[in-house]
Amino acid sequence: MTNLVLLTAADVQLMQGLAQRVTATHPQLVNADATYGELAWNWGKGHAAHGATWQRRLWFSGGRLVAWAWAQLPHRVHRSDGQWRDVTTANLVHQVHPDHADLLDEVIDWYDRTAAHCARTVVPSAADGFALKRWAAHGYQTDPSSLGDTGVWTQLNQRDLTDVAEPALPEGFRFRDADEAGPEAAVRAHVDAWAPSTYTAEAYQGVRQTAGYRGDLHILVEAPDTTMVASTIMWLDEVNRTVEFEPVGTHPDFRRRGLATAMLLHGMRSARRAGAVHATVACLGAPGHPRARGLYHGVGFRELSRNAPMIRYQA
């Protein structure tokens, strides 16, 4: 296949299929942003604005996708506070099926050609010793921003859904789903939680059209004044009967009231009714980022895997 091809919705569905196959046999080897839910979320919210900078390469064997590479090239991001942020490095999201690990060198070579004009980052799984050695052999090193107590590496957390506690909201608050609340409220809830945010109504339309999105699994918490003050989207992988929370956020003025805990419990019980038996959620793993990790551990999640950010500086 040609090297300079932009990522499409059909490509993402194929990539989600590979994520499901790797999850079924080697869940610790699924790379950062390459899970079933992360692919849907990142493609959905960003392709309208940044798709022109998203190049990809796919590798097949016997008609099945066995490796893929998604290069996100430098671009400019508009935030909800009216400011612009320039992303000056390239980032690679990728996955290689463990049975075809020899393709990784082709993935790296393709990425180096595609993003040769700038610094390049990648986030393989820390459990993939073979991959870490191959990236290092191509000149990649541990990304300094991932080091120390405030490092930016992430961990993927997992729990089963056999025993999920009853959620308890403060008086006057209630659960809604996105089908009930409507698009405007869903967008506002996300922007308020993550301000300054790059999320827009157009981004949400992209999310809604992404394979795997379900409005009944997009949960919000409504305050007594009808404002949506917390929200999460759950991505149901029906093949592995796993649901992934991405994103999870609460308005700053309503934090530390137990809303996120109740929302996660309510979401897990909803996912169980939809057929899920496991749930996953990612968070920053370094010691200096305890809040989200504490939230997830408090409702029963424990670390499944973590990533190992690497970088190659422009020559």
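So, here is what we can say about the structure in this document. (Residues numbered from 1 in each chain as written. Predicted model: local features only at pLDDT ≥ 70, side-chain atom pairs only at ≥ 80, totals over all residues. Heavy atoms only, no water.)

What follows covers the pattern of salt bridges. Under the criterion given, the structure shown has 13 salt bridges. The salt bridge involving Asp 86 is made with Arg 76; its shortest N-O contact spans 2.8 Å. Of the two residues, Asp 86 is situated in strand 5 (residues 84-87) and Arg 76 in strand 4 (residues 75-78); the sequence distance between them amounts to ten residues. The class for Asp 86 is partly exposed, based on a relative accessible area of 45%. Taking the shortest distance from any N to any O, the salt bridge between Asp 112 and Arg 120 comes out at 2.9 Å. (Salt bridge = Lys/Arg side-chain N within 4 Å of Asp/Glu carboxyl O. Helix = DSSP H or I, 4+ residues; strand = E, 2+ residues; numbered from the N terminus. Buried < 20%, exposed > 50% of the residue type's maximum accessible area, 1.4 Å probe, protein only.)

What follows deals with the pairing of strand 6 (residues 90-96). Where a strand is regular, its side chains alternate between the two sheet faces. Strand 6 sits mainly inside the fold: seven of its seven residues count as buried. Taking every second residue as pointing to the same face, both faces of strand 6 are buried, with Ala 90, Leu 92, His 94 and Val 96 on one and Asn 91, Val 93 and Gln 95 on the other. Pairing of strand 3 (residues 64-72) with strand 6, which is carried by six bridges, proceeds in the antiparallel orientation. Note on strand 6: the bridge partner recorded for Ala 71 is Leu 92. The pairing of strand 6 with strand 7 (residues 120-122) spans three bridges and is classified as parallel. Looking across to strand 7, one finds that Asn 91 is bridged to Thr 121. Once you follow strand 6 into helix 3 (residues 104-114) and on to strand 7, the crossover reads as right-handed. (Pairing = 2+ DSSP bridges. Right-handed = clockwise from strand over helix to strand, strands pointing away.)

Here we come to the packing of helix 6 (residues 183-194) against helix 7 (residues 201-208). At a minimum axis distance of 10 Å, the contact between helix 6 and helix 7 shows a crossing angle of 110 degrees. Judged by the inter-axis angle, helix 6 sits roughly perpendicular to helix 7. When helix 6 is examined against helix 7, the residues Pro 183, Ala 186 and Val 187 are found in contact with a partner set consisting of Ala 201, Tyr 204, Gln 205 and Arg 208. A per-class count over the contact of helix 6 with helix 7 returns five nonpolar, one polar and one charged. (Axes fitted to C-alpha atoms, helices over the stretch in contact; angles between N-to-C directions. Parallel < 35°, antiparallel > 145°, perpendicular 65-115°, else oblique. Contact = heavy atoms within 4.5 Å. Nonpolar A, V, L, I, M, F, W, Y, C, P; charged D, E, K, R; others polar.)

Here we take up the pairing of strand 2 (residues 54-61). A large share of strand 2 lies buried, amounting to six of its eight residues. In this structure, strand 1 (residues 5-6) lies alongside strand 2, joined through two bridges in antiparallel fashion. Residue pairing across strands places Leu 6 opposite Gln 55, the latter belonging to strand 2. With eight bridges joining them, strand 2 and strand 3 adopt antiparallel strand pairing. The residue bridging Ser 61 from the neighbouring strand is Arg 64, located in strand 3. Count of turn residues in the strand 2/strand 3 antiparallel hairpin: two residues, of which Gly 62 carries a positive phi of about 60 degrees.

Time to look at the sheet that holds strand 13 (residues 242-250). Taken in spatial order, the seven strands make up an open sheet running 10-11-12-13-14-9-15, and their pairing is mixed. Taken across any chain shown, the strands that pair with only one partner, and hence form the sheet edges, are strand 10 (174-177) and strand 15 (302-306). The average angle at which neighbouring strand axes cross in this sheet is 30 degrees, direction not considered. By the bridge criterion, four bridges tie strand 13 to strand 14 (residues 278-284) in an arrangement that is parallel.

This paragraph deals with the environment of His 190. Relative to the helices and strands, His 190 is located in helix 6. His 190 sits 42 residues away from Thr 232 along the chain, and the two C-alpha atoms are 8.4 Å apart. Ignoring sequence-local partners within four residues, the contact set of His 190 consists of Trp 41, Ser 197, Tyr 199, Ser 231 and Pro 247.

The next thing to look at is the nonpolar core. Formed by 28 residues in total, the largest nonpolar core has its most connected members in Phe 245, Met 268 and Phe 301. For this core, the leading source of residues is helix 8 (residues 259-273), giving six residues. The contact partners of Met 268, leaving out residues within four places of it in the chain, are Arg 159, Leu 161, Val 164, Met 234, Phe 245, Ala 279, Val 299 and Phe 301. (Core = buried A, V, L, I, M, F, W, Y, C linked by side-chain atoms within 4.5 Å.)

Between its terminal C-alpha atoms helix 2 (residues 36-50) stretches 20 Å, which fits the 21 Å expected from 15 residues at 1.5 Å a residue. Maximum bend of helix 2: about 30 degrees, positioned at Gly 44. Of all the 15 residues making up helix 2, eleven are buried; the element is thus mostly covered by neighbouring parts of the structure. Of the residues making up helix 2, those classed as buried are Tyr 36, Gly 37, Glu 38, Leu 39, Ala 40, Trp 41, Asn 42, Trp 43, Gly 44, Gly 46 and His 50. (Expected span 1.5 Å × (residues − 1). Bend = angle between axes of the 7 residues up to and from the residue.)

How two aromatic rings sit relative to each other is set out by the distance from centre to centre and by the angle between their planes. This model, assessed by the stated rule, comprises eleven aromatic pairs. Arranged with centres 4.9 Å apart and planes meeting at 70 degrees, the rings of Trp 54 and Trp 70 form a pair that is edge-to-face. Of the two residues, Trp 54 is situated in strand 2 and Trp 70 in strand 3; the sequence distance between them amounts to 16 residues. The exposure classification of Trp 54 matches that of Trp 70, with both residues buried. Ring geometry for Tyr 111 and Trp 135: centres 6.5 Å apart, planes at 80 degrees, overall edge-to-face. Placement of the pair is Tyr 111 in helix 3 and Trp 135 in helix 4 (residues 129-137), with a sequence separation of 24 residues. An aromatic cluster of at least three residues, connected via ring pairs, comprises Trp 43, Trp 54 and Trp 70. (Phe/Tyr/Trp six-rings, centres within 6.5 Å; stacked < 30°, edge-to-face > 60°.)

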